[in-house]
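What follows is each chain in one-letter form.
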Amino acid sequence: MKLYFRKYFAAMAVLAVIFTACSSLQDVDVETVNFSGEIFEFEKRFAYIDAEFTAAKGNSKIAQGFVKDIENAITNPGLQKAAVARLYALDGCVQLNLGRTVEARKFLASSESSYKGDLFASVLFHRLNPQKSLALNANISEKSPEKALLVLEEALDLYKNKSYLEAVARFDSAFILLNSFYRDAYGEIRDKCWELRSISSENFGEDLLTLQKISVMQMILISEKDTDLLYNYTGGKKMSDRELYTKIAGSGLLNPVSAPLSVENSISSDYLVNKLIASRYLWNLYNARKNTQHLAAKYSVQYKKSGRKSPVKDVELENPDFDAVLGCVEKEILNLDDGVNFNGKREISAVEFNESLKKLK
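The shown structure was predicted, so the numbers you read here are calculated from the model rather than taken from an experiment. (Residues numbered from 1 in each chain as written. Predicted model: local features only at pLDDT ≥ 70, side-chain atom pairs only at ≥ 80, totals over all residues. Heavy atoms only, no water.)

A. Quick look at the side chain of Ser 300. Relative to the elements of secondary structure, Ser 300 occurs in helix H14 (residues 298–306). We classify Ser 300 as buried; its relative accessible area is 5%. Within polar-contact distance, the side chain of Ser 300 engages the side chain of Asp 323 at 2.7 Å. Setting aside residues no more than four positions away along its own chain, Ser 300 makes contact with Leu 317, Phe 322 and Asp 323. (Helix = DSSP H or I, 4+ residues; strand = E, 2+ residues; numbered from the N terminus. Buried < 20%, exposed > 50% of the residue type's maximum accessible area, 1.4 Å probe, protein only. Polar contact = N/O pair within 3.5 Å; in protein donor to acceptor, adjacent residues only side chain to side chain. Contact = heavy atoms within 4.5 Å.)

Next up, the structure:
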């Protein structure tokens, strides 16, 4: 079902981009030029380097090696002017990734003086002047790779501006028309946008849901900011983090129900949340919402009474979070990672926790 949805989403995104891109953005003149395999390889290398820097994982040494190779290639007297312009533009884009704005502007000027209308020169100009929109002119086919590259640039802009759902549409549209290495290079960013598509910037603090690991305090904050699940504990009152944590901890929401006297009762606000802790908190919230706290430990009671073993391979009956795990799995609040194991020690991201939290609503 998920694969079908993604394909449908991608197809719809293509239509959306085709009908809106040129009418809403400033036109630029870009000519289509066929380049040699050497230039193609530079473009391929650039895509991977650029994607890494966009994802804040750029390797300066690799980028500098790329710049050096380009500057050596430019000295070839046999290169056509359009190829030289392309290399200057690619060099400028990487210089900008390295934080060298002055050098990037110089390479843009060199590209434009060598040959007017290079696609990556337009990309570089846009990156140096992000307040100016970017789109192909009406003479370029909507289904051309040149058009798709600028749609990809739009996707990167949307990602940087945290418009994640729109970014996914642009990425999917661009990938359909571009060489497969673009999907390989930028696919991780696209997938990140998909994970973050449900973020509401109005409700959450800066970058809260982008976190790959969250503390108990952050888990509570996500619950408090985007749902009404904690209203009975806060009464809608604005509380400091310390007050909120004290209130929630004192309510028992962080206590295991299978072994309430366990030493694991004590969880500090800065403790990193794994699946077991998340299941404990979510199961307590679920039962509080349903007013079924008296049934919270029903699984362990039943299994002990019948002498059966745990149905979850890596969660023993004696585990203090046995009931929370079985309850969350049965209610599809959390899943078994591989259909057999819960993998309770795995730390979860803010997005994963928020998706589980929504299932309580």
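Okay, back to it.
B. Region of interest: empty space enclosed by the protein. For the structure shown, the criterion picks out four cavities of 30 Å³ or more. Here the largest cavity defines a volume of roughly 80 Å³. Phe 46, Asp 50, Leu 119, Phe 120, Val 123, Arg 127, Leu 149, Leu 152, Glu 153, Leu 156, Tyr 182 and Tyr 186 are the residues that line the largest cavity. Looking at the lining of the largest cavity, the elements that each hand over two or more residues are helix H2 (37–54), helix H6 (119–128), helix H7 (145–160) and helix H9 (180–195). A breakdown of the residues in the lining of the largest cavity according to their chemical character gives nine nonpolar, no polar and three charged. (1 Å grid on protein atoms, 1.4 Å probe; cavity = no way out; pocket = protein on both sides within 12 Å on 5 of 7 lines; lining within 4 Å. Points joined across faces, edges and corners; volume = space filled by probe spheres on them. Nonpolar A, V, L, I, M, F, W, Y, C, P; charged D, E, K, R; others polar.)

C. View of a negative patch on the surface. On the surface, Asp 314, Glu 316, Glu 318 and Asp 338 cluster together to form a negatively charged patch. Tracing the sequence through the fold places Asp 314 in the loop between H14 and helix H15 (322–330). When its relative accessible area of 35% is taken as the criterion, Asp 314 is described as partly exposed. (Patch = residues over 30% accessible without salt bridge, like charges linked within 9 Å, V, L, I, M, F, W, Y side chains within 5 Å. Areas by Shrake-Rupley, 256 points an atom, 1.4 Å probe, with all protein chains shown as cover. Salt bridge = Lys/Arg side-chain N within 4 Å of Asp/Glu carboxyl O. Lys, Arg positive; Asp, Glu negative; His and termini not counted. Charge placed at Lys NZ, Arg CZ, Asp CG, Glu CD.)

D. Quick look at helix H3 (residues 60–74). For H3, spanning 15 residues, the distance from its first C-alpha to its last is 21 Å, which sits close to the expected 21 Å at 1.5 Å a residue. Three or more residues of H3 are buried, namely Ala 63, Phe 66, Val 67, Ile 70, Ala 73 and Ile 74. Each buried residue of H3 lies within a common arc of 125° when the element is viewed along its axis, so the set occupies one face. The outward face of H3, more than 90 degrees from its buried face, is lined by the exposed residues Lys 61 and Lys 68. Two or three places before Lys 61, at the opening of H3, Asn 59 has a side-chain oxygen 3.0 Å from that residue's backbone nitrogen. (Expected span 1.5 Å × (residues − 1). Arc of directions from axis to C-beta.)

E. Quick peek at the pattern of salt bridges. The full count for this structure, using the stated rule, is 16 salt bridges. A salt bridge links Arg 86 to Glu 43, with the nearest nitrogen and oxygen atoms 2.5 Å apart. With Arg 86 in helix H4 (residues 81–97) and Glu 43 in helix H2, this residue pair connects regions lying 43 residues apart in the sequence. Note that Arg 280 is salt-bridged to Asp 321, the shortest N-O span being 2.8 Å. Placement of Arg 280 in helix H13 (residues 275–290) and of Asp 321 in the loop between H14 and H15 is noted, with a sequence separation of 41 residues between them. Of the two residues examined, Arg 280 and Asp 321, each falls in the buried class.

F. Spotlight on the packing of H6 against H7. As a packed pair, H6 and H7 sit with axes 11 Å apart at the nearest point and diverge in direction by 20°. When the interaxial angle is binned, H6 and H7 end up roughly parallel. In the crossing of H6 with H7, the sense of the turn from one axis to the other is right-handed. Taken together, the residues of H7 that come into contact with H6 (itself represented by Leu 119, Phe 120, Val 123, His 126 and Arg 127) are Glu 146, Leu 149, Leu 150, Glu 153, Leu 156 and Asp 157. Class assignment of the residues belonging to the contact of H6 with H7 gives a composition of six nonpolar, one polar and four charged. (Axes fitted to C-alpha atoms, helices over the stretch in contact; angles between N-to-C directions. Parallel < 35°, antiparallel > 145°, perpendicular 65-115°, else oblique. Left-handed = near helix turned anticlockwise from the far one by under 90°.)

G. Region of the structure containing the nonpolar core. Leu 152, Phe 171, Tyr 182 and Tyr 186 are the most contacted members of the largest nonpolar core, which has 56 residues in total. When contributions to this core are tallied by element, the ones reaching two or more residues are H2, H3, H4, helix H5 (101–114), H6, H7, helix H8 (164–177) and H9. Looking at which element gives the most residues to this core, the answer is H7, with nine residues. Beyond its immediate stretch of four places on either side in the chain, Leu 152 contacts Phe 171, Ala 174, Phe 175, Leu 178, Tyr 182 and Tyr 186. Among the nonpolar cores identified, the runner-up in size contains 48 residues, and Leu 229, Ala 278, Leu 285 and Val 315 belong to it. (Core = buried A, V, L, I, M, F, W, Y, C linked by side-chain atoms within 4.5 Å.)

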